[in-house]
Amino acid sequence: MVRTRPLKVALLGCGVVGSQVARLMTTHAEDLAARIGAPLELAGVAVRRPDRVRAGIDPALVTTDAEGLVTRDDVDVVVEMIGGIEPARGLIEAAFKNGAGVVTANKALLAQDGPALHAIAAEHGADLYYEAAVAGAIPLLRPLRESLAGDTVNRVLGIVNGTTNFILDRMESSGAGYGEALDEATALGYAEADPTADVEGFDAAAKAAILAGIAFHTRVRLDDVHRQGITEVTAADIASARRMGCTVKLLAICERAGDGRSVTARVHPAMIPLSHPLASVKGAYNAVFVEADSAGQLMFYGPGAGGAPTASAVLGDLVAVCRNKLGGGRGPGESAYTQLPVSPMGDVVTRYHISLDVADKPGVLAQCALVFADHGVSIDTVRQSGKDGEASLVVVTHRAPDAALTATVAALRELDTVHDVASIMRVEGE
Ligand SMILES: NC(=O)C1=CN([C@@H]2O[C@H](COP(=O)(O)OP(=O)(O)OC[C@H]3O[C@@H](n4cnc5c(N)ncnc54)[C@H](O)[C@@H]3O)[C@@H](O)[C@H]2O)C=CC1
Ligand SMILES: N[C@@H](CC=O)C(=O)O
Ligand code: NA
C-alpha cells in the first residue's frame, strides 16, 4: 500500500546528473512510489544559477539557498549532486544533523572524508548511500557492502573512469588526438567539472580508495593510492601495445598483500592482452573484476559515466534510503574493523614494458640486460629495431617488485649508451 504523505527530497545541484535525477523522479513517480511505499516529492532544487531554464522543474522549487533547503524540517532525504569538497561536505553534515538521509555521487569527498561523514551519519541515525560514486550505473558498492559481506575479497581490478577509457579508446580506434577526444568526453557529460581529475587519475584514485576500503573492511585514503594518469600515454605506446597483442587501459587495482596482512591500491595506465575481457571495454563503459575466496571471480560491467546512467544509481539509492526511513532502520554504515596497513607501491609485484632509444653498436644489448640482471629483474622478451645509427629496444620483463623495476630504469638512464627511456608501462592481466 502506498501511503499518501510524501517523502520530501532536497536536490542539491542540477547539472549533468542532478537534472537527470529530477527528470526520472518525475517520469517514474508512480513506479517509485509503489516501490518505496510512499510518493516522493521534490522539496526544492538548490542551484548556483537560478535564471537558467530547467525543463520539467517547477521554477518555484529552485533556490540558491542550499543551506536553508537542507535544514528545512520537512526534508527526509538530501541528494547531493554538486560535487567537490565544499560546500558539499558542510551541506551533507547539516543534512545528517537535521535527521535526513543522504545520497551522493561525490567520490572526491568520500575518498577524503568518508570516515568522518559515516561517523556523523551514524551519530544521527541517518543513511549515507553512494552507489553512483564508483563506476556510475554499475551496481558495485552495494554488492560489495551487502551481497559479499559473507565472503573475503582479495582483489578488485578494473576500469573505473569513463572519460579516460573514452579517450584511450578514441585514440586507438579512430586515431583521434588526445585533446579532441577529451573535448568530446566533456561534451557528453562524462568528465569532471575539472577534467584534470579524470586525466591525471585523481578520480580513479578516489574510486580505488573507496573500493579498497569497502572490499577489505579497512580505511584507505586518497594519498595511499599510487596514482598515474593518462597524460603521458602516447600514440607510440598504443601502437607498441598493439604490436604485442595488447591495448592500453587506465586500471585501478586494489589487492591484499603480505599474506593478507596489508593492502595495496594503485591507478595507472597498463598494457593488457587483447584477449582479456577488459580489452573490449569501449567508450565510457567501466568494468570491474572482484575476486573473492568463495565466490571466485565476478565481473561487473556497464556505463561508468553520463547523466542518465549515473542518475539510475542515484535513484536506486534514493529508493533504498526511503525504504529504510519508512521501516525505521538504516542501511549498513562503514565497516573498517580490519585496520589493514597500506603497503607502498614498491612492494607491488608487476611486469614492465620499457622502450629505450640506445646506441646501435655491439654490446649495448648485453649491457642493458646486465642492468636488469643486477636488479634481480628477469627479462621475458626483447625486440630491437634500428633507426639512423640508433636502435629502439623494447623490453618486457617478468614479474618483479615495483621497487626493483624502478631502480632498473634509474640505472638504465645512467648508461651513456641509453639515449632515452622513451616509455615505461606496466603490463597486467596475464
Ligand atoms: N557526470 C558523470 O558522469 C558522473 C558524475 N558523478 C559525480 O556526480 C556529481 C555531479 O556531477 P555532474 O552532474 O557531472 O557535475 P555538473 O558540474 O554537471 O553539475 C554540478 C552542478 O552543481 C551546481 N553547483 C555548484 N555549486 C553549487 C552550490 N553551491 N549550490 C547549488 N548548486 C551548485 C553547478 O552549477 C552544476 O550545475 C559529482 O560529484 C561527480 O563527481 C559521478 C558519476 C558519474
Ligand atoms: N568523470 C567520471 C564520471 C563518473 O564517475 C568518469 O569519467 O568516470
Ligand atoms: Na556504481
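Remember, predicted model here, so these are calculated numbers, not experimental data. (Residues numbered from 1 in each chain as written. Chains lettered and ligands numbered in written order. Predicted model: local features only at pLDDT ≥ 70, side-chain atom pairs only at ≥ 80, totals over all residues. Heavy atoms only, no water.)

A.B. asks: Pulling in residues and values, what's your account of the UniProt feature "binding site: NADP(+)" (unreviewed entry) in the protein?
C.D. replies: When the UniProt feature table is mapped to this numbering, "binding site: NADP(+)" (unreviewed entry) covers Leu 12, Gly 13, Cys 14, Gly 15, Val 16, Val 17, Gly 18 and Ser 19. When you line up the elements, Leu 12 lands in strand E1 (residues 7–12). Judged by relative accessible area, which is 0%, Leu 12 ranks as buried. With near-sequence residues (within four places) excluded, Leu 12 lies in contact with Ala 46, Ala 66, Leu 69, Val 70, Val 78, Val 79, Glu 80, Met 81, Ile 82 and Leu 91. Mapped onto the secondary structure, Val 16 falls in helix H1 (residues 16–27). Excluding residues within four positions of it along the chain, Val 16 makes contact with Gly 189, Gly 306 and Gly 307. (UniProt positions renumbered as here; feature names shortened; annotations may be inferred. Helix = DSSP H or I, 4+ residues; strand = E, 2+ residues; numbered from the N terminus. Buried < 20%, exposed > 50% of the residue type's maximum accessible area, 1.4 Å probe, protein only. Contact = heavy atoms within 4.5 Å.)

A.B. asks: Before we move on, can you summarise the domain arrangement of the protein with the specific residues and values?
C.D. replies: One can read the domain layout of the protein as domain 1 (7–136 + 307–327), domain 2 (141–303) and domain 3 (346–427). Taking the mean C-alpha position of each, domain 2 and domain 3 sit 26 Å from one another. Interface area, domain 2 with domain 3, both sides summed: about 1000 Å², of which 61% is carbon and sulfur. Among the residues domain 2 hides against domain 3, the three largest losses belong to Met 244, Arg 266 and Met 271. Together they make up 43% of the total. If you list the elements that add at least two residues to the side of domain 2 that touches domain 3, you get helix H11 (235–243) and strand E10 (262–273). Taken together, the residues that form the side of domain 2 that touches domain 3 break down as 6 nonpolar, 5 polar and 3 charged. (Domains from an automatic or database assignment. Buried area = accessible area lost by both parts, 1.4 Å probe. Nonpolar A, V, L, I, M, F, W, Y, C, P; charged D, E, K, R; others polar.)

A.B. asks: Tell me what's going on with the coordination of the sodium ion (ligand 3), and back it up with residues and numbers.
C.D. replies: In this structure, Glu 131 (O), Glu 131 (OE), Val 134 (O), Gly 136 (O) and Ile 138 (O) serve as the protein donors to the sodium ion (ligand 3), at separations of 2.4 to 2.7 Å. Written as a sequence motif, the donor residues of the sodium ion (ligand 3) are E-x2-V-x1-G-x1-I. Take Val 134: its relative accessible area is 0%, and that puts it in the buried class. (Donors = N, O, S within 2.8 Å, 3.2 Å for Na, K, Ca; no water.)

A.B. asks: Got a sec to walk through the site of ligand 2? Specific residues and values, please.
C.D. replies: Lining the immediate surroundings of ligand 2 are Lys 107, Asn 161, Gly 162, Thr 163, Tyr 190, Ala 191, Glu 192, Asp 198, Asp 203, Lys 207, Gly 304 and Ala 305. Asn 161 is positioned such that a nitrogen or oxygen atom in its side chain is 3.4 Å from an oxygen atom of ligand 2. If ligand 2 stood free it would expose 250 Å²; the protein chains cover 94% of that surface. Of all the secondary structure elements, the ones that give two or more residues to the shell around ligand 2 are helix H7 (162–173) and helix H10 (202–216). Taken together, the residues that form the shell around ligand 2 break down as 3 nonpolar, 4 polar and 5 charged. (Near = heavy atom within 4 Å. Polar contact = N/O pair within 3.5 Å; in protein donor to acceptor, adjacent residues only side chain to side chain. Areas by Shrake-Rupley, 256 points an atom, 1.4 Å probe, with all protein chains shown as cover.)

A.B. asks: Got a sec to walk through the site of ligand 1? Specific residues and values, please.
C.D. replies: Near ligand 1 lie 21 residues; those nearest to it are Val 16, Val 17, Lys 107, Glu 192 and Gly 306. Burial of ligand 1 by the protein amounts to 85% of the accessible area it has alone, namely 830 Å².

A.B. asks: Describe the sheet that holds strand E4 (residues 77–80), naming the residues involved and giving the relevant values.
C.D. replies: Strand order in the open sheet formed by 6 strands is E3-E2-E1-E4-E5-E6, with parallel pairing between adjacent strands. Both edges of this open sheet fall to strand E3 (62–63) and strand E6 (128–129), since each of them pairs with a single strand only. Sheet topology places E1 next to strand E2 (residues 40–46); 6 bridges connect them, and they run parallel. Residue pairing for E2: Lys 8 is matched across the bridge by Glu 41. Of the strands in this sheet, E1, E2, E4, strand E5 (101–104) and E6 are in contact with helix H12 (residues 307–327), which crosses E5 at around 170°. (Pairing = 2+ DSSP bridges. Axes fitted to C-alpha atoms, helices over the stretch in contact; angles between N-to-C directions.)

A.B. asks: Break down the packing of aromatic side chains for me, citing the residues and quoting the values.
C.D. replies: Applying the stated criterion across every chain yields a total of 2 aromatic pairs. Here Tyr 285 and Tyr 301 contribute two aromatic rings whose centre-to-centre distance is 5.3 Å and whose plane-to-plane angle is 25°, an arrangement assigned as stacked. Of this pair, Tyr 285 sits in strand E11 (residues 285–292) while Tyr 301 sits in strand E12 (residues 296–303); the two residues are 16 residues apart in sequence, bridging distant segments of the chain. Taking the relative accessible area as the measure of exposure, Tyr 285 reaches 35% and is therefore partly exposed. For Tyr 301, a relative accessible area of 47% gives the class partly exposed. (Phe/Tyr/Trp six-rings, centres within 6.5 Å; stacked < 30°, edge-to-face > 60°.)

A.B. asks: Quick rundown of the packing of helix H2 (residues 29–36) against H12? Include the residues and the values.
C.D. replies: Look at H2 against H12: their axes get within 9 Å of each other, and the N-to-C directions meet at 40°. When the interaxial angle is binned, H2 and H12 end up oblique. The chirality of how H2 crosses H12 is right-handed. Residues Leu 32, Arg 35 and Ile 36 of H2 touch H12, and the partners they reach there are Leu 315, Val 319, Cys 322, Arg 323 and Leu 326. Split into classes, the residues belonging to the contact of H2 with H12 amount to 6 nonpolar, no polar and 2 charged. (Parallel < 35°, antiparallel > 145°, perpendicular 65-115°, else oblique. Left-handed = near helix turned anticlockwise from the far one by under 90°.)

A.B. asks: Could you give an account of H1, naming the residues involved and the relevant values?
C.D. replies: The first and last C-alpha atoms of H1 sit 17 Å apart over 12 residues, in line with the 16 Å expected at 1.5 Å per residue. By the burial criterion, the buried members of H1 are Val 17, Gly 18, Gln 20, Val 21, Ala 22, Leu 24 and Met 25. Looking at the buried residues of H1, the elements they touch are E1, H2, E2, E4 and H12. (Expected span 1.5 Å × (residues − 1).)

A.B. asks: Go over the confidence of the model for the protein, please, and point to the residues and values.
C.D. replies: Looking at the protein, the pLDDT average stands at 96 and 100% of residues meet or exceed 70. Highest mean pLDDT in the protein belongs to E4 (99); lowest belongs to strand E14 (residues 379–387) (89). Across the whole predicted complex the pTM is 0.97, and at the interface the ipTM reaches 0.99. (pLDDT = per-residue confidence, 0-100.)

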